[in-house]
Amino acid sequence: MAGPTFINAPEKVTAHIQQLDSSIIKTVQMIRQTILDAHSEIGEHIKWNSPAFFYSGKMKPSDPKEYKRDIVVVNLHRGKILLVFPTGAIIKDTTGLLEGNYTDGRRLITFKDLKDVTAKQKALQGIIQQWIALVD
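Note that the structure is predicted; figures quoted are calculated from it, not measured.

A word on the overall build of the chain. Each helix and strand counted, the chain has 3 helices and 5 strands in total. When the elements of the chain are put in sequence order from the N terminus, they spell out α-α-β-β-β-β-β-α. Since a compact globule built from 136 residues should have a radius of gyration of about 14 Å, the 14 Å found for the chain is in line with a globular shape. For the chain, buried positions account for 43% of its 136 residues. Sequence-distant contacts in the chain: of pairs separated by 6 or more residues, those separated by 24 or more amount to 50%. Approximately 7,900 Å² of the chain is accessible, and the part contributed by carbon and sulfur atoms is 51%.

This part covers the side chain of glutamine 125. Topologically, glutamine 125 is positioned in helix α3 (residues 114–133). You can call glutamine 125 buried: its relative accessible area is 14%. Every residue in contact with glutamine 125, bar those within four places of it in the chain, is listed here: Thr34, Asp37 and Ala38.

Residues Ile35, Ile71, Leu83, Phe85, Ile109 and Ile128 are the most contacted members of the largest nonpolar core, which totals 29 residues. With 6 residues, the top contributor of residues to this core is α3. Once residues within four sequence positions are removed from consideration, isoleucine 128 is found in contact with Ile35, Ala38, Ile42, Ile71 and Phe85.

On to the packing of aromatic side chains, then. Counted by the stated rule, this structure contains 1 aromatic pair. Each ring, one from phenylalanine 6 and one from phenylalanine 54, has its centre 5.0 Å from the other, and the planes form 45 degrees; the classification is tilted. You can see phenylalanine 6 sitting in the segment before α1 (10–18) and its partner phenylalanine 54 sitting in strand β2 (residues 50–55), a full 48 residues away along the chain. In this arrangement the basic side chain of lysine 47 is found over the ring face of tryptophan 48, its NZ or CZ atom lying 4.6 Å from the centre.

Strand β1 (residues 42–47) sits mainly inside the fold: 5 of its 6 residues count as buried. Alignment of β1 against β2, held across 6 bridges, turns out to be antiparallel. When the sheet's bridge partners are listed, lysine 47 is paired in β2 with serine 50.

Let's shift gears to the packing of α1 against helix α2 (residues 25–38). One way to put it is that α1 packs onto α2 with a least axis distance of 9 Å and a crossing angle of 155 degrees. If you check the angle between α1 and α2, you find them roughly antiparallel. Residues Pro10, Val13, Thr14, Ile17 and Gln18 of α1 form the contact with α2, whose participating residues are Ile25, Val28, Gln29 and Arg32. The class makeup of the residues in the contact of α1 with α2 is 5 nonpolar, 3 polar and 1 charged.

To continue, consider unusual backbone geometry. Despite not being glycine, tryptophan 48 shows a phi value in the positive range, around 55 degrees. With respect to the element layout, tryptophan 48 can be found in the loop between β1 and β2.

Here the focus is the side chain of aspartate 70. Residue placement: aspartate 70 occurs in strand β3 (residues 70–77). Among the polar contacts listed, one links the side chain of aspartate 70 to the side chain of lysine 47, at a separation of 3.1 Å. Apart from the residues within four sequence positions on either side, aspartate 70 is in contact with Phe6, Lys47, Phe53, Phe54, Pro86, Thr87 and Trp131.

Cut-offs used in this document
- Residues numbered from 1 in each chain as written.
- Predicted model: local features only at pLDDT ≥ 70, side-chain atom pairs only at ≥ 80, totals over all residues.
- Heavy atoms only, no water.
- Helix = DSSP H or I, 4+ residues; strand = E, 2+ residues; numbered from the N terminus.
- Rg over C-alpha atoms; globule rule 2.2 N^0.38 Å.
- Buried < 20%, exposed > 50% of the residue type's maximum accessible area, 1.4 Å probe, protein only.
- Contact = heavy atoms within 4.5 Å.
- Areas by Shrake-Rupley, 256 points an atom, 1.4 Å probe, with all protein chains shown as cover.
- Core = buried A, V, L, I, M, F, W, Y, C linked by side-chain atoms within 4.5 Å.
- Phe/Tyr/Trp six-rings, centres within 6.5 Å; stacked < 30°, edge-to-face > 60°.
- Lys NZ or Arg CZ within 6 Å of the ring centre and 35° of its normal.
- Pairing = 2+ DSSP bridges.
- Axes fitted to C-alpha atoms, helices over the stretch in contact; angles between N-to-C directions.
- Parallel < 35°, antiparallel > 145°, perpendicular 65-115°, else oblique.
- Nonpolar A, V, L, I, M, F, W, Y, C, P; charged D, E, K, R; others polar.
- Polar contact = N/O pair within 3.5 Å; in protein donor to acceptor, adjacent residues only side chain to side chain.

Laid out in structure tokens, this is it:
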């Protein structure tokens, strides 16, 4: 089964971020740039009413419900910035950044503020690069 077509839409992500609470815009922008800088084949769009990042390279066809192309979604929840990796359980995280042990395979990273993102930036990029290395 062929997956859905993912359209790169950076202008929609920019517009979405500009509508956020001003206290978190810089933090979300840094997360966004960190993710995009992790690999040249990362695209972005709005999914689930949030900035979402996907692998834009070639992949084997798969069931869209497996979320194999989805890398991470930025979720703003009760004053926290959560990164939700729908298939994060496939990553062998040695950094301790990925949290949760959900039966659906997702894993999370929580960020408090810009300083927290800066401190975890390299580890986040390493996790994304590991995820991309597992793409089939």
